[in-house]
Amino acid sequence: MKILVTGASGLLGSSVAAALASAGHTITTLQRRPSGVGGARDIAASITDAAAVAEAVAGQQAVVHLAAKVSMTGDPADFEAINIAGTRTLLSAAQDAGVSRFVHISSPSVAHAGDSLVGEGAGPADPEHARGEYARTKAHGELLALAADSADFRVLVLRPHLMWGPGDTQLTERVIDRARAGRMPVLGTGAALIDTLYIANAVDAIVAALTAVEHHHGEALVVTNGQPRPVGELMTQMALAGGARRPKLSVPVPAALAAGAVVEKVWDLVAEVEDTLTDRLPESAAARLRETLSDEPPLTRFLAEQLSTAHWFDQRRTREVLDWQPRVSIDEGLAELAAHYGGTAPEPGTALTADR
Amino acid sequence: MVRLPGLSPRLPARPAQTPGELPGWDEQWSRLVTVGTVDGERTFHVLDTLPALQAEGLAPAGTILALHGNPTWSYLWRHLAAASLDRARGGGPVWRVIAPDQLEMGFSERLAHTGLPTTHGPGFRRIAERVADFDAVATELLAESPTERTVTLGHDWGGVLSLTWAARNQDRIDAVVSLNTAVAQPEGTPIPAPLQAALAGPMLPLSTVRTDWFLRTTLALAQGSLSDEEKDAFRAPYRTAELRGGIGAFVADVPAVETHPSYAELQRLGDDIAGIDLPALLIWGPKDPVFLERFLRDLRHRLPQADIHRCEKASHLVSEDADVAGIVLDWLTAQFGAPSQAAGAVDATDAVGTADATGAAGPADNQRPATSQQTAAAAPMIFDALAERADDEAIASVDMSQRPPQSVSWRQLSSVVDGIAAGLQARGLAPGDRVSLLVTPGNNLTAAAYGVLKAGGTVVVADAGLGVAGMTRAIRSADPQWIIGELPGLTLARTAGWPGRRVSISPLPGPERLTLNVETSLTELIREGHAHLAAGEPLRTPAPADLAAVLFTSGSTGPAKGVRYTHAQLSALMDVLTRTFGMRPGAGLVAGFAPFALFGPGLGATSVTPDMSVTKPRTLTAAALADAIAAADCTMVFASPAAYTNVCATAAALTEAQRAACAGVELALSAGAPVPLSLMDQVAEIFPHAQIHSPYGMTEGLLLADIDRHDVAAAEAEGTARTGATSTDGFARTDGTADAGPGAQAARGVCVGTPIDGVRFALAPIDADGRSADELLTGTDAQQVLGEFVVSAAHIRDGYDRLWSTDQQAGRDTLDGQRWHRTNDIGHIDAAGRIWLEGRLQHIITTPAGPLGPGGIEALTDRDPAVLRSAAVGVGPTGTQALVLVLEPAAGSDPESGEPLAPGLAPLPVAQRLRAHVAAATGADVAAVLIAPSFPTDIRHNSKIDRSRLADWAAAVLGGEPIRTP
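Scope of this entry: the structure provided in the associated data block. (Residues numbered from 1 in each chain as written. Chains lettered and ligands numbered in written order. Predicted model: local features only at pLDDT ≥ 70, side-chain atom pairs only at ≥ 80, totals over all residues.)

Residue and element names in this part refer to chain A. Strand order across the open sheet formed by seven strands is 3-2-1-4-5-7-11, with parallel pairing between neighbours. The sheet terminates laterally at strand 3 (41-44) and strand 11 (219-223), the two strands that pair on one side only. Averaged over all pairs of adjacent strands, the angle between their axes in this sheet comes to 20°, without regard to strand direction. Pairing geometry for strand 2 (residues 26-31) and strand 3, over four bridges, is parallel. When the bridges of strand 3 are listed, T29 appears paired with D42. Helix 2 (residues 50-57) contacts strand 1 (2-6), strand 2, strand 3 and strand 4 (62-65) of the sheet and is inclined by roughly 170° relative to strand 2. Across the sheet, helix 3 (residues 76-96) is in contact with strand 1, strand 4 and strand 5 (101-105); its angle to strand 4 comes to roughly 175°. (Pairing = 2+ DSSP bridges. Helix = DSSP H or I, 4+ residues; strand = E, 2+ residues; numbered from the N terminus. Axes fitted to C-alpha atoms, helices over the stretch in contact; angles between N-to-C directions. Contact = placed C-beta atoms within 7 Å.)

This is how it looks when you write it as structure tokens:
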């Protein structure tokens with residue numbers, strides 16, 4: 001199959017392109033930087049460049065659309081130009097070019113306003129309530145993609161949730177870097193249950209979607225490992241796998257917060273009330289908090305919100321539609337992480353004896 | 001006429017209206033119907049599902065005529081309308097619901113009045129006219145689409161009105177249903193306080209019309225079941241005082257005194273209702289402060305044929321607090337099947353055709369149907385053994401808790417029992433009268449119980465372990481005519497206001513007798529009874545099919561349920577005790593476990609009650625047990641695991657003589673909960689020549705399976721494991737061949753052995769959403785499948801008491817024409833036919849990979865050195881739950897890693913260890929391991945973990961909330 005992969009300079013995009021290429025497909029990529037994918041034809045241009053997009057989709061049978069502006073800071077106009085206008089440009093060019101399969105990569109944040117998610121399915125994208133420019137513009141983009149769905153132009157939306165793995169700079173390396181510096185905080189009780197997705201499984205899911213879209217289209221699917229874990233536990237394991245010591249720094253629980261506020265909300269509040277908060281804390285704790293938060297939010301604010309409340313999903317529909325199962329378990333993923341970064345892999349439990 | 005400032009006493013007329021958009025209400029249900037009434041044409045707003053049915057092309061086969069009370073309106077029946085339509089759409093019976101708003105109520109027409117309603121004033125509808133209104137609307141609407149079946153349903157005053165109409169139109173209807181209502185105000189009983197307040201003179205218009213106090217008070221009775229939007233909907237037709245005249249008129253028409261204009265009518269209709277000769281169902285919310293238990297009692301007497309379902313957590317608005325719609329529709333199906341079919345067609349089962357299906361049964365299912373279902377007519381009654389020994393001077397019963405120990409001979413016991421039976425009958429005990437026994441185990445309880453049983457009474461036993469609130473709820477629901485009690489019990493009965501005539505054990509001093517309202521004592525009863533017997537008056541004894549006992553469950557999964565046993569079922573249980581454990585004439589047993597202890601005298605075995613506190617089995621010491629054994633050279637010991645634990649802990653204090661007495665024991669039986677092998681081994685050291693048995697059972701079936709110490713050891717030593725895989729039929733299935741090594745077998749739960757002779761085990765497989773299937777598996781088909789155990793035996797319960805729906809659910813199976821009981825216990829049967837418990841049906845964890853029972857996972861988890869005990873719970877939506885382990889730590893720190901074990905997330909090494917073991921043994925993915933600050937357990941056993949509460953707690957913690965106490 002002739003397939004265009006947009007955003008193939010990122011970890012996920014390049015991995016998808018490489019996987020598809022090695023499966024024998026003819027791959028074109030579209031992004032400003034080289035993809036580095038062997039055998040792929042790179043078109044170095046922005047998704048906002050209509051002419052380049054038209055060139056890229058010409059003759060393609062399928063498109064995997066990963067290109068997006070992901071960062072937390074930046075001009076809202078940039079988000080809109082890439083995540084909304086860029087998607088619109090790509091969709092219409094692909095339709096014009098006779099592309100029949102379109103896999104759109106979105107984010108679970110498009111459907112949620114920051115509250116706790118417990119075993120949820122993929123709700124409809126909701127730009128009005130999505131939190132932050134990224135989620136808002138991605139929600140718009142997803143709605144555009146689904147609106148374009150038809151029998152001739154089959155669209156399937158995947159929303160990978162909290163992807164991690166060797167080489168991931170968004171989450172994995174931030175955690176490892178902070179932990180190595182002794183500045184990786186454990187958030188509150190650290191017990192909030194979260195779903196994550198190991199990179200290799202994300203790649204498999206997207207590849208599977210290219211087949212599944214033939215029969216199931218016009219819907220959005222959240223993709224995870226289906227193994228929810230307490231956030232503190234998983235972050236600790238990532239840190240250990242990354243060669244850091246076990247994080248000891250926990251966000252302080254000062255009296256002011258203990259009176260009622262939920263400690264994890266510290267992360268919600270980072271941007272707005274960091275100053276106010278540090279004023280109220282004992283000096284030593286305030287200093288530590290400032291240090292923790294100073295240079296940049298150690299994790300993005302968006303991520304912090306994701307990590308402070310339960311965020312896990314019902315994967316039954318996803319697995320049914322994609323006919324896909326995660327190949328790498330969390331423990332196996334951690335082992336690969338440890339091999340990559342030279343850290344400690346989780347030990348299998350010692351055998352229990354029949355009698356105490 | 002009452003004049004009130006700020007409101008003209010004139011109430012204007014207003015035409016009927018439709019309610020418009022309301023939560024849970026379909027505007028398609030609203031109709032305005034004009035009919036001729038006692039004072040001309042009137043228009044009623046009516047909930048009618050006929051248009052909705054017709055829109056779906058469905059023709060009604062039956063009609064439910066429902067009538068609301070005061071101050072509600074047909075919005076009360078929205079759940080019934082929705083549920084009946086759902087079932088009709090789903091291919092079930094098609095019932096049309098017709099529910100008028102009474103005149104001047106809801107959205108029906110308001111008449112003009114020149115004054116506010118008063119108890120004796122004219123102008124407002126009274127009972128007789130309301131019945132006529134109902135008749136007019138019903139007649140008009142039934143004629144539109146005549147149906148084969150018609151039933152009435154009412155609530156509050158709509159209950160009594162609909163029953164009255166039904167009584168006078170029995171040729172037109174097929175059954176009656178009522179929720180909380182009152183047919184008559186029994187003489188001499190005070191009017192309930194809320195009504196008194198509403199009825200008191202000038203208060204009447206103020207509380208009901210001028211203000212919406214009465215309306216708000218009624219809506220506030222809902223047990224948290226009404227949303228603010230729904231309360232608004234109930235208030236919608238009563239927004240202003242001018243619209244509330246009907247509410248006041250209704251209250252004013254309560255005939256509280258003989259001079260009231262409706263008093264005579266109420267007496268008449270009470271008699272008419274007693275003449276209803278149709279199937280009846282009464283659904284009752286006992287928390288109702290207005291329609292109290294005595295009104296249900298009155299209804300029971302008028303409608304003795306009625307099925308009763310008590311919704312223990314429901315109050316006045318019972319159809320808001322409980323699934324009344326589901327119960328009503330289930331009951332109608334049970335009565336009529338699909339009404340379009342010929343009556344009784346659904347009762348025809350192919351029992352004969354399936355009778356040979358058990359041919360390939362394995363050891364778990366090795367009973368011929370005939371064995372367990374034999375008629376017990378020829379079996380001895382529980383009191384026969386005493387009569388046979390009426391001249392025997394040998395010891396029948398020893399009570400070690402008396403000082404000095406009190407021995408009773410067979411002759412004495414037989415005489416006392418006859419005296420009590422005759423005395424009770426002389427005082428008017430009627431067959432089936434219920435007698436609550438508030439007596440601690442020992443000679444007095446034995447005498448009272450056998451006396452009541454022989455007299456044809458029904459003994460009611462509610463364990464003190466239920467607590468005062470639980471006991472009160474249980475005894476109110478059983479509604480005994482008599483209470484026989486010791487002082488503490490009688491005092492409690494007085495304080496808590498339990499019903500029944502009071503009998504003490506020994507004669508009480510005058511003042512105490514007066515205070516506690518005690519009319520006699522067993523001592524006096526025996527004397528009276530003997531006098532009557534001496535005068536040649538015969539003792540009327542019960543028949544095998546008569547009700548013998550109502551035993552209450554422990555209430556660990558909701559309000560305690562009354563379980564009914566007939567004499568025949570008690571006889572069958574005695575037969576099992578003889579065949580399985582050798583309880584027979586001449587044997588001596590120590591009765592430290594109440595349910596079985598009571599059967600000693602009935603079997604001609606000498607019973608010794610050890611010196612211990614009944615409610616605290618842990619108070620039984622080894623010395624006290626040994627003394628009890630020595631008192632009658634006992635060869636059998638019955639006790640609970642908690643009692644044995646303390647016996648083992650105090651065994652060092654035994655003297656040589658006591659040890660010798662223990663050495664004579666041949667059977668030590670531990671009942672009430674599964675026994676760990678380690679405890680069995682310790683018990684075996686005290687009783688070196690005894691077999692150690694642990695039977696499995698429940699209040700509904702006291703002896704179902706049995707295992708002895710050697711089989712427990714064998715089960716633990718073997719190593720087959722569940723794979724956790726879900727097979728193609730969608731049911732979790734165990735791969736019996738996989739060998740996961742030592743210890744893995746614990747993942748299968750707790751082995752309770754094989755079925756007792758005469759008991760059949762079938763299995764209702766569990767689906768992905770945690771529900772057990774309707775179809776039962778037996779024989780090899782039932783092996784290695786996770787399911788709910790469904791048991792059949794001659795000695796299982798007759799049914800649940802006054803819990804029609806629960807009874808229906810638990811007893812719905814008809815396999816091979818036998819009586820079956822759904823145990824609510826889940827687990828599996830292994831290839832050797834052994835029963836493995838894995839928990840309760842409501843505690844199933846529905847993971848995306850399939851359902852899991854908590855028991856197997858907990859048994860595995862409990863082996864970890866960091867764990868004292870554990871609960872495996874599901875967090876998240878049904879079908880996609882995350883498996884979470886909640887631990888009670890064994891120590892302050894993990895013995896392996898040294899990490900502290902504090903409430904919250906378990907330390908990483910502990911979590912990883914447990915996750916790996918559970919995955920290896922079951923294939924299930926443990927999402928999180930939490931340490932709880934404390935474990936909620938039941939009162940009676942202090943061992944049944946409240947998993948539902950722990951699951952809620954785990955969900956909160958894993959949602960990021962702070963750690964609180966579960």
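There is more to say after this.
Quick look at helix 32 (residues 854-861) of chain B now. Because each turn of an α-helix spans 3.6 residues, side chains separated by three or four positions in sequence point in the same direction. Of all the eight residues making up helix 32 of chain B, eight are buried; the element is thus mostly covered by neighbouring parts of the structure. Buried within helix 32 of chain B are the following residues: B:P854, B:G855, B:G856, B:I857, B:E858, B:A859, B:L860 and B:T861. (Buried ≥ 20, exposed ≤ 12 C-beta atoms within 10 Å, placed from the backbone.)

Our next topic: the sheet that holds strand 5 (residues 149-154) of chain B. All names here are of chain B. Taking strand neighbours across the sheet as the criterion, the eight strands line up as 1-2-4-3-5-6-7-8 in an open arrangement whose pairing is mixed. Either end of the sheet is taken by a strand with one partner, and the two such strands are strand 1 (30-37) and strand 8 (307-310). Across the sheet, the mean angle from the axis of one strand to that of its neighbour is 25°, orientation sign disregarded. Sheet analysis places strand 3 (residues 62-67) next to strand 4 (residues 95-100), joined by four bridges and oriented parallel. Of the residues in strand 4, the one forming a bridge with I64 is V97.

What follows is about the packing of helix 2 of chain A against helix 3 of chain A. Residue and element names in this part refer to chain A. One can describe the packing of helix 2 onto helix 3 by two numbers: an axis separation of 9 Å at closest approach and a directional angle of 40°. The orientation of helix 2 relative to helix 3 falls into the category oblique. When the axes of helix 2 and helix 3 are compared, the crossing they make is right-handed. For the pair formed by helix 2 and helix 3, the contact residues are A50, V53, A54 and V57 on the first element and T89, L90, A93 and A94 on the second. For the contact of helix 2 with helix 3, the residue count by class is seven nonpolar, one polar and no charged. (Parallel < 35°, antiparallel > 145°, perpendicular 65-115°, else oblique. Left-handed = near helix turned anticlockwise from the far one by under 90°. Nonpolar A, V, L, I, M, F, W, Y, C, P; charged D, E, K, R; others polar.)

Residue and element names in this part refer to chain B. The element strand 3 is extensively covered by neighbouring structure, given that six of its six residues are classed as buried. Of the two faces of strand 3, the one lined by G62, I64 and A66 and the one lined by T63, L65 and L67 are each fully buried. Read as a crossover between parallel neighbours, the route from strand 3 over helix 2 (residues 78-89) to strand 4 is right-handed. (Right-handed = clockwise from strand over helix to strand, strands pointing away.)

Spatial relationships are all this shows, so hold off on functional conclusions.
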